[in-house]
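# Summary of the model geometry
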Amino acid sequence: MKRISRIITLCFLMLAFSALPSVCSHAANPSVVSLSTDTVYKKYDITGDGKADKIKLKMVEGSIEGYSAIKVYVNGSLAGKFKSEYTYYAVQDINLYTLDNGKVFLYISLRGDNSPVLCAFYQYKSGKLKKVVDLYSLFSKYGGLNGYYYAATITVQSGNKLKIEMPVQLYTTGMATITYKCVYKSGTLKLSSKKGTVSVYNSSGGTSLTANKKITAYKKAGSSQKAFTIKAGSNVTIDKCWISGSKLYLRVRYNGKYGWIKGLSYSTSWYSNRPFSNAMYGN
């Protein structure tokens, strides 16, 4: 009888304790959370420990117009201040992305007149948000991410991956969309490859580009071994890019053959040196 009484008492205590609120609030982030400025969030994890954090984003007004920076506070402390490279920005996209393994990354895109001024992923480490993938600098030497009106499309995929579709305007091709994948590796987020997939849009709405002049194509990206020469007036399609350090190569298909051409970097004469006559450029 005493044993039955002890069992009943134990069961009662277990039920009572289970009804008490947890000392630590646990967070189960959706794969994507869109964050707004001047709003306090208390149910999402940004630090990656699985517990809910207090997150607040605050815009800093610019000296001329728009905003010059955005501050991110985590649990009452300033975790990062992210400045516009130029005078101001006017539009922002700020999202939390949570991978299958529970690791969390903050994406910030600040856009000004005609292009983003900051576009990167950050990871919370030791009280600060550290930049881990910089999409802005990836293309800044060769044109840049495109536009005030266009934002990258980011999709969380299985296997701790992100698919990133970026609108760009390259000096070589004009307007295009370049798709990369990021993968969780060695404790952080990284580009899975130096190669991306490219979709080009010409001035007539098509996908082929017409050579302005003779263009040398190489057998491999970064190689000096010639594959073939594209004749002036000929049409090509472009389907891939390769970026490493200060070099950009684009894969072209010409008369059924594939080769890689060098991408243009910025110079004051880039427009007169553009390789394709029907590439579409915005203002």
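Scroll up for the structure.
Everything numeric here is computed off the predicted structure, so don't read it as measured data.

### A short note on the packing of aromatic side chains
Considering all chains together, one arrives at 14 aromatic pairs under this definition. Plain terms: the ring middles of Tyr-97 and Phe-121 are 6.1 Å apart, the flat faces sit at 65° to each other, and that makes the pair edge-to-face. In this pair, Tyr-97 sits in strand β6 (residues 91–98) while Phe-121 sits in strand β8 (residues 116–125), placing the two residues 24 residues apart along the sequence. Just as Tyr-97 is buried, Phe-121 falls in that class too. Here the aromatic rings of Tyr-107 and Phe-121 are separated by 5.1 Å at their centres, their planes lie at 45°, and the arrangement is tilted.

### Brief notes about the pairing of strand β13 (residues 188–191)
Where strand β12 (residues 174–185) lies against β13, 4 bridges are found, and the strand directions are antiparallel. Bridge pairing in β13 places Tyr-184 opposite Leu-189. Turn length for the β12-β13 hairpin, with the two strands adjacent in sequence and antiparallel, is 2 residues, and the turn residue Ser-186 shows positive phi of about 55°.

### Some words on a positive patch on the surface
A grouping of Lys-42, Lys-54, Lys-56 and Lys-58 is seen on the molecular surface, where their side chains present a positively charged patch. Tallying contributions element by element places strand β3 (residues 53–61) first for the positive patch, with 3 residues. Here Lys-42 is to be found in strand β2 (residues 40–44). Accessibility expressed as a relative area gives 60% for Lys-42, which makes it exposed.

### Digging into the pairing of strand β20 (residues 257–262)
Where strand β19 (residues 247–254) meets β20, 6 bridges bridge the pair, whose relative direction is antiparallel. Considered in β20, the bridge of Val-252 is made with Gly-259. Once β19 ends, the chain turns through 2 residues before running back antiparallel as β20, passing Asn-255 with a positive phi of about 50°.

### Some points on the nonpolar core
By size, the foremost hydrophobic cluster in this structure holds 46 residues, and its most contacted members are Phe-121, Leu-135, Phe-139 and Ile-230. When sequence neighbours within four positions are dropped, the list of residues in contact with Phe-139 reads Gly-144, Leu-145, Met-166, Val-168, Leu-170, Ile-178, Tyr-180 and Ile-243. Tyr-41, Phe-82, Val-117 and Ala-120 belong to the second largest nonpolar core, which has 23 residues in total.

Reading guide: rules and limits
- Residues numbered from 1 in each chain as written.
- Predicted model: local features only at pLDDT ≥ 70, side-chain atom pairs only at ≥ 80, totals over all residues.
- Heavy atoms only, no water.
- Phe/Tyr/Trp six-rings, centres within 6.5 Å; stacked < 30°, edge-to-face > 60°.
- Helix = DSSP H or I, 4+ residues; strand = E, 2+ residues; numbered from the N terminus.
- Buried < 20%, exposed > 50% of the residue type's maximum accessible area, 1.4 Å probe, protein only.
- Pairing = 2+ DSSP bridges.
- Patch = residues over 30% accessible without salt bridge, like charges linked within 9 Å, V, L, I, M, F, W, Y side chains within 5 Å.
- Areas by Shrake-Rupley, 256 points an atom, 1.4 Å probe, with all protein chains shown as cover.
- Salt bridge = Lys/Arg side-chain N within 4 Å of Asp/Glu carboxyl O.
- Lys, Arg positive; Asp, Glu negative; His and termini not counted.
- Charge placed at Lys NZ, Arg CZ, Asp CG, Glu CD.
- Core = buried A, V, L, I, M, F, W, Y, C linked by side-chain atoms within 4.5 Å.
- Contact = heavy atoms within 4.5 Å.

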